[in-house]
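Structural overview for review
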Amino acid sequence: MTDKRIEQAIDNNLFGLQVTEGEMQQIITRAYAGERPRRRLSLVLVTALLIVALAATALAVIYASRVFVSEGSSDMVPHGGRLILYKWREGLFEVDPETGEETALTLQDPAAWHAIPDPRLLTEEGQLFVLSYEKEALFPFGIQEGIVSLGSPFPLPDLREDYQSTAVLSDGILAVLQKGLLRLYPLDGGMRQVELPGVSQIIPYGEGQYAGLQKEQVQGSSKSRLVVIDRDSGEICPLADLDPGLRVSQLAFTPGSPLVFEANNALFTCDEKGYVQQVASLVRGDVYALYMLDEHLAAVASDSLILLRSIRPAGQQKRLTVLDPLGRGEDYKDFILQHPEIELSFPLFAGEDTEERFIQDMEAQSREVDIYLLRDRNLMAHIQEKGHALNLAGDPELSAFMKDLYPPFQAFFRQGEGQYGIPKTVFLPCLAYNQEAFGELGFKVPATWTDFFRFLQTWLSGLSDQHPDYTLMPFRYDNTLDLLLAKYLDERAANGLPPTVNTPVMQELLTLYKTARALDPQKKGQPSQTHLLHLVDVPYRGASFTALPLSFDPGSRPVLSLPRDSFSYFVVNPYSDNQEAALSFLRSYVDNLPSYVKILVSQAVDAPVENPEYEGQRQEYESRLAGYQEQLKMATGEEKSRLEEQVGNTRRLLSDLEFYNRWLISPRDIADYQQFSGMVYLSSKNPIPDLVREHPEMFADIDTNPDFDVEGFLTRLDEMIETVMREQTR
Amino acid sequence: MPGTDPSETVKKERFEGWVREYSQMILRTCFVYLADKQAAEDIMQDTFLKAWKAMDGFKEQQAHSAKAWLMRIAINLCRDHHRSRWFRHVDRAKALEDLPQHYLQVEAEDRSLFLTILALPVKLKQVILLYYYHRMPMQEVAAVLGISVSTVHARLKKAENALKISLTGADDND
């Protein structure tokens with residue numbers, strides 16, 4: 001392990017995490033003005049909260065299961081029929097589980113509360129507590145008419161912080177479990193310890209008992225089981241062995257209910273005989289709190305969602321299964337909020353990608369998954385040919401959405417009168433250059449990929465040494481061999497040329513590529529160096545770089561290709577039993593399409609969209625500015641200078657607000673994208689990605705083999721492309 | 001002059017230099033610590049806000065360097081934030097997906113090593129970040145974290161071993 005490897009791994013993975021010049025100016029302005037950063041509330045969230053207020057009340061009586069949105073909470077406990085939430089930096093909130101209405105609570109002594117680092121909420125029989133590991137204390141607190149008052153702390157000697165600890169309160173005893181050691185603190189004083197080997201979680205489970213999760217290694221593999229623990233003796237009795245694939249994150253219990261636990265995005269129950277069954281689905285997310293509100297209703301806090309789920313079989317709901325391996329519940333909160341009657345389920349499939357699973361399911365006509373999120377564009381031709389996706393053209397809303405899409409997207413999803421999917425993720429990456437730096441240094445801006453590699457070769461051959469204040473990362477701009485070849489075929493197709501790569505243009509390009517590869521010193525740029533090139537998403541909002549779409553052939557128009565990770569799309573299983581629910585899901589998705597996707601795909605986006613938070617923030621700054629200006633009229637000396645500075649700072653804040661935060665889709669975005677929309681090319685028949693997957697060594701050879709034969713490689717590749725295309729046609 | 005209050009203009013020039021020089025490094029450090037882009041951005045901004053407010057108290061000769069001082073503020077803020085959500089299971093791969101230009105080609109080994117670093121226990125992650133990423137000497141790492149040099153050394157060994165086991169299966173302690 002070398003320090004360089006670690007540094008390189010961090011920098012390469014976080015290459016996209018940059019602080020722009022404008023952002024630096026914002027930091028400086030905010031610091032001078034004493035402003036804390038603000039989390040932005042998206043348009044989607046505003047809509048979602050509105051829907052909660054309207055829909056949840058109406059449906060509460062009919063459906064036990066409900067979902068609410070609460071941004072930023074990090075702990076939750078039930079109290080007096082309500083839920084108490086803790087939000088970092090903000091304080092405590094109370095949520096009505098019937099309506100989802102959230103009310104901020106007032107801290108009687110904010111300084112005392114904020115002096116408690118790492119507050120963890122606990123509850124026992126109507127009494128609320130906050131536990132602090134750092135203060136080694138448990139503070140009782142009460143809530144009366146919306147005001148929170150903090151009581152005197154119980155000292156907890158030897159309470160050590162550990163990221164794996166669990167703390168629960170029952171029978172007047174605080175139990176803290178840390179790495180198999182249980183510390184018991186009776187609230188009237190004292191402390192004793194009990195060894196609980198392998199136990200990682202506990203929950204009060206009747207008088208004098210805890211239910212827990214115990215893990216042990218059996219023949220090299222980890223096995224988990226639910227156990228019952230006697231508090232006095234520490235005796236552990238097995239309750240149920242769990243399937244090896246279940247990853248339990250939270251336990252819950254209330255008298256009259258079975259033991260409930262969350263695992264693999266679902267709720268399970270375990271009765272006294274150890275019978276385990278799944279009772280409800282949860283959306284994917286980080287579950288950080290689980291409580292039983294009564295014998296049959298569980299409250300789950302997961303990411304920004306609070307889900308109430310019935311654990312009674314009679315309360316179980318219609319389930320829609322979406323295979324989106326990285327998706328989280330909050331990505332789909334609009335649908336979840338609009339359709340509380342449908343449980344959204346994200347299954348876990350190990351050892352296969354979504355595409356493989358999709359193909360297997362279609363061959364077996366499986367009904368298990370209702371909606372697939374796919375990335376492989378070459379699948380679309382097969383889907384359309386074999387009817388492996390529901391035709392969405394019959395749905396008026398989805399059909400209208402399709403009619404608004406830019407032609408390349410329409411062409412991709414349509415076949416004849418059929419329409420077989422909708423886009424989910426779309427990014428348009430494009431090489432960009434630093435216009436100011438190129439101007440200052442007198443460099444010629446490349447017009448083709450051949451020009452680009454000529455410049456790269458010159459830079460690597462010594463030009464970089466003449467300009468130590470500037471840097472570039474030779475092969476970090478979507479310009480590796482596989483991506484270049486895929487782009488080349490896209491450009492040829494878009495320009496009406498046959499799918500061949502063995503051309504004089506590509507022969508020259510690969511010769512330059514090979515030389516540049518050999519010269520690439522893997523030198524890391526220093527933070528103080530200015531980047532000459534970058535990869536940006538168009539439309540690009542920054543000021544430092546200018547997008548530079550390059551063509552291969554000087555006579556061809558350039559295209560913007562979408563690499564595999566930049567595009568994904570939903571298709572509905574044609575064998576699904578939940579097709580109507582699946583269509584509702586897609587309708588909800590297109591209704592709430594994120595603005596950065598909408599501008600790229602929809603021709604209907606012809607007007608800017610303002611951030612709903614902008615006006616309120618602008619008024620606040622304007623009012624502050626007016627106040628300073630008023631005071632300035634009477635001020636003299638140092639006070640006058642201070643106020644003049646505040647006026648300057650507030651004006652800068654206003655200017656930053658206008659530039660960075662005013663628009664979800666800005667007028668400039670729309671104008672910029674007009675240049676690029678005609679360049680988008682979305683192929684459903686590009687053989688390069690499949691060939692790279694099947695023959696990785698063939699494409700890697702150019703990087704290491706000094707005798708690499710460019711023409712031989714391109715000839716062989718053309719033969720392979722021809723074979724693939726012939727098979728596709730057949 | 002070290003140890004005395006610089007004039008307002010000098011103070012501002014110095015502060016703005018810090019923002020330009022260190023903001024990106026602090027942002028990336030916070031991201032590695034928290035695996036949350038939004039939180040990392042907030043904390044990077046908070047770091048400079050705190051630094052500006054406390055600049056008069058900054059004494060170069062006591063705090064080794066401005067970088068170490070800023071890192072100490074950032075690490076403390078990350079720790080506070082992390083504590084408030086310490087029980088969450090962060091989906092690190094998903095956090096990477098949230099980054100702009102996440103489609104940038106990254107070697108599989110680099111990705112694997114990076115995800116392993118993200119998954120290290122916080123105490124080990126801190127020393128890896130400061131020693132290897134920020135290239136701070138051990139004394140400075142110790143000053144930033146408020147621990148002894150021997151503890152830094154021990155944690156580094158542990159962290160290196162954890163990375164080695166995760167990546168190659170080999171354990172130096174075997």
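Refer to the structure above for everything that follows.
The paragraphs below set out a description of the structure included in this document. (Residues numbered from 1 in each chain as written. Chains lettered and ligands numbered in written order. Predicted model: local features only at pLDDT ≥ 70, side-chain atom pairs only at ≥ 80, totals over all residues. Heavy atoms only, no water.)

**Quick notes on helix α2 (residues 37–53) of chain B**
Residues and elements named next belong to chain B. The condition that has to hold: Helix and strand definitions follow DSSP, with helices as H or I runs of at least four residues and strands as E runs of at least two, each counted in order from the N terminus. Expected helix span is taken as 1.5 Å per residue step, with the number of steps being one fewer than the number of residues. Throughout this description, buried means an accessible area under 20% of the type-specific maximum (1.4 Å probe, protein chains only), exposed means over 50%, and partly exposed covers the range between.
With 17 residues, α2 extends 24 Å between its outermost C-alpha atoms, agreeing within 8% with the 24 Å of an ideal straight helix rising 1.5 Å per residue. Burial analysis of α2 places 12 of its 17 residues in the buried class, which makes it a mostly covered element. Residues of α2 that are buried include every one of Ala 39, Ala 40, Asp 42, Ile 43, Met 44, Gln 45, Asp 46, Thr 47, Phe 48, Leu 49, Ala 51 and Trp 52, and no others.

**What to know about helix α8 (residues 396–404) of chain A**
Residue and element names in this part refer to chain A. In plain terms, the rule: What the arc covers is the set of directions going from the helix axis to the C-beta atoms. Only heavy atoms enter the contact rule, under which two residues are in contact if any of them lie within 4.5 Å.
For α8, the full list of buried residues reads Leu 398, Ser 399, Phe 401 and Met 402. End-on, the buried residues of α8 take up no more than an arc of 160 degrees, which puts them together on one face. Facing away from the buried side of α8, by more than 90 degrees, are the exposed residues Pro 396 and Lys 403. Buried residues in α8 make contact with α9 (407–413), β30 (414–415), β31 (418–419), β32 (422–426) and α14 (579–591).

**Description of the side chain of Lys 12 of chain B**
We apply this condition: Pairs of N or O atoms are called polar contacts if they sit within 3.5 Å, as long as, within protein, a hydrogen donor faces a hydrogen acceptor (for residues adjacent in sequence, only side-chain-to-side-chain pairs).
Among the structural elements, Lys 12 of chain B can be located in helix α1 (residues 8–34). A polar contact is formed between the side chain of Lys 12 of chain B and the side chain of Glu 645 of chain A, at a distance of 2.6 Å. In this structure, Lys 12 of chain B is in contact with Tyr 32 and Glu 645 of chain A together with Trp 52 of chain B, ignoring residues within four places of it in sequence.

**With respect to the packing of aromatic side chains**
Here the distance between the centres and the angle between the planes together describe a pair of aromatic rings. How we decide: The aromatic pairing rule takes the rings of Phe, Tyr and Trp, using the six-membered ring of Trp, and pairs them if the centres are within 6.5 Å, calling planes under 30 degrees apart stacked, those over 60 edge-to-face and the rest tilted. Only when the NZ atom of a Lys or the CZ atom of an Arg is both within 6 Å of the ring centre and within 35 degrees of the ring normal do we say a charge sits over the ring.
Counted according to the given criterion, the structure contains 39 aromatic pairs over all chains. Relative to Phe 268 of chain A, the ring of Phe 261 of chain A lies with its centre 5.2 Å away and its plane at 10 degrees, an arrangement referred to as stacked. Taken as a pair, Phe 261 of chain A and Phe 268 of chain A share a single burial class, namely buried. Judged by centre distance (5.9 Å) and plane angle (70 degrees), the ring pair of Phe 413 of chain A and Tyr 569 of chain A falls under edge-to-face. Separated by 156 residues along the polypeptide, Phe 413 of chain A in helix α9 and Tyr 569 of chain A in strand β39 (residues 567–572) bring together distant segments of the chain. One exposure class covers both Phe 413 of chain A and Tyr 569 of chain A, and it is buried. In textbook terms, an aromatic cluster arises when at least three aromatic residues are bridged by ring pairs, as seen for Trp 449, Phe 452, Phe 453, Phe 475, Tyr 488, Tyr 513 and Phe 552 of chain A. A cation sits over an aromatic face here: Lys 11 of chain B above Trp 52 of chain B, 4.6 Å from the ring centre.

Purely geometric numbers; function is a separate question.
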